[in-house]
Amino acid sequence: MKDEASPARAGIKEIARMLGISIGTVDRALHNRAGISPVTRAEVLKTAAKINYRPNVVARRLKLNRHLRIGVHLPREIAAFFDPLREGIRAAAEGMVGVNIDLDFRTYPHIGKGDVELLEADMRRHFDGMILTPGDPAKFDPIIRNFVARGTPVVCVASDAPRSGRIASVAVDATVSGGIAAELFARALPKPSCVAAVTGDLSTQDHAEKLRGFAATLATIAPHLSLLPAIESHDIPQDARRKTLALLQHKPRPTAVYISTANSIPVLRALDEQGALDQILVVATDLFPEMIPYFESGRILASLHQRPSAQGRAALEILVHYLLDGSVAQPVTRFGPGIVLRSNLPLFLDQLPATSGDAAGMTPA
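Residues numbered from 1 in each chain as written. Predicted model: local features only at pLDDT ≥ 70, side-chain atom pairs only at ≥ 80, totals over all residues. Heavy atoms only, no water.

Trainee: Mind showing me how you'd approach the pattern of salt bridges here?
Mentor: When the charged atoms of two side chains lie near each other, side chains of opposite charge can form a pair. The full count for this structure, using the stated rule, is 16 salt bridges. The closest approach of N and O atoms between Arg-106 and Asp-122, which form a salt bridge, is 2.9 Å. Linking Arg-106 in strand β2 (residues 99-108) with Asp-122 in the loop between α6 (115-121) and β3 (129-132), this pair joins segments that are 16 residues apart in sequence. Overall, the relative accessible area of 22% leaves Arg-106 in the partly exposed class. For Arg-269, the salt bridge identified is with Glu-290, shortest N-O distance 2.8 Å. Of this pair, Arg-269 sits in helix α11 (residues 264-273) while Glu-290 sits in the loop between β10 (281-285) and α12 (292-296), and the two are 21 residues apart along the sequence. Given a relative accessible area of 12%, Arg-269 falls into the buried group. Residue Glu-290 is classed as partly exposed on the basis of its relative accessible area of 25%. Residues participating in the shared-partner salt-bridge network are Arg-69, Asp-104, Arg-106, Asp-122 and Arg-125. (Salt bridge = Lys/Arg side-chain N within 4 Å of Asp/Glu carboxyl O. Helix = DSSP H or I, 4+ residues; strand = E, 2+ residues; numbered from the N terminus. Buried < 20%, exposed > 50% of the residue type's maximum accessible area, 1.4 Å probe, protein only.)

Trainee: Help me understand the packing of aromatic side chains, please; the structure alone is not making it clear to me.
Mentor: For any two aromatic rings, the description comes down to two numbers: the centre-to-centre distance and the angle of the planes. Counted by the stated rule, this structure contains three aromatic pairs. Here Phe-81 and Phe-82 contribute two aromatic rings whose centre-to-centre distance is 4.9 Å and whose plane-to-plane angle is 90°, an arrangement assigned as edge-to-face. For the pair Phe-81 and Phe-82, a shared accessibility class is recorded, and that class is buried. Note on Phe-185 and Phe-214: the rings are 6.1 Å apart at their centroids and 80° apart in plane angle, and the pair reads as edge-to-face. Residue Phe-185 is located in helix α8 (residues 174-188), and its partner Phe-214 is located in helix α9 (residues 205-221); the two are separated by 29 residues in the primary sequence. Across the pair, exposure class does not vary: Phe-185 and Phe-214 are buried alike. Put simply, the rings of Phe-185, Phe-214 and Tyr-258 touch in pairs and so form one group of aromatic residues. (Phe/Tyr/Trp six-rings, centres within 6.5 Å; stacked < 30°, edge-to-face > 60°.)

Trainee: Even after reading the chapter, I still don't get unusual backbone geometry, so can you show me in this structure?
Mentor: The bulk of non-glycine residues show a negative phi, and the bulk of peptide bonds are trans. Residue Ile-78 is bonded to the preceding Glu-77 through a cis peptide linkage, with omega at 0°. Here Ile-78 lies in the loop between β1 (66-75) and α5 (79-94). Between Lys-251 and Pro-252 the backbone carries a cis peptide bond, its omega angle lying at 0°. Turning to its location among the elements, Pro-252 is positioned in the loop between α10 (237-247) and β9 (256-259).

The structure is reproduced here in structure tokens:
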């Protein structure tokens, strides 16, 4: 890994200080990577020229023309989220210049089922690096540490295991997502009522952080809204449907539901079948073709888009940069969620997965 006092590192830090931006932003601009605006890139290059800083391109090229084998561990469900994430990883690999990347996609049923076992089995396989979505950190931490101790760097995507020794993580800002959902309900529901949250598995950091952000914001700005106990669907469509139907029998009935997982379609179907979408406000997660009629009819208040393809791209780029240069400019990358409303729905249509909910593995119960 580069020494902090090296000329290259010192030059990057000086540019970051002069412009008041992060070292990671400077690094992306100098190496022409995605994730910054053209204006910022131009300012970085202009400042680099001003202080006569040049990246060590010769040394970098000596590390190129390599062959890297990357293991990618992702769940099958919810496929409408994880399939675009995989495509983002593939697209980033295909766009790499001067390095050959062999992606070995490894798949298990869903978070919490088959994930730990598959990762343990792959301890016997050789990967130059790994990208994975961790479920329960208590179970994943020791396995990730073993990979890292063997010299296999790990990047977490879509959730995190921050104490595992992973080199970086990429995900939506889960706490902010939960806070946005709570603020939308606070503005739309002025009278005292109760709200519910349907999550995946609270042992997964992403799911737990969304619920914490949701609950904390409700308590702060909407004390007139009471939160029912969280409903864990474990990202199993049948469980989501069954538990949603049971929720509708709760007394008092909730006036709003936050679906904090990409497992949104089974919940929406169950609410629709019972005629509840006309009485219950819904903030969902992500955007799938089947959700479009709900938006167009005004039966979804909003959905918080997690940008899975962008997450996949960033995870692969960070890992390959580390394998080539031995450094991580930004250990934690958090994407701001896109707020999808009926009024701005057309802006998100090009981000839709290519398949519908059913075709993507979201089989109705």
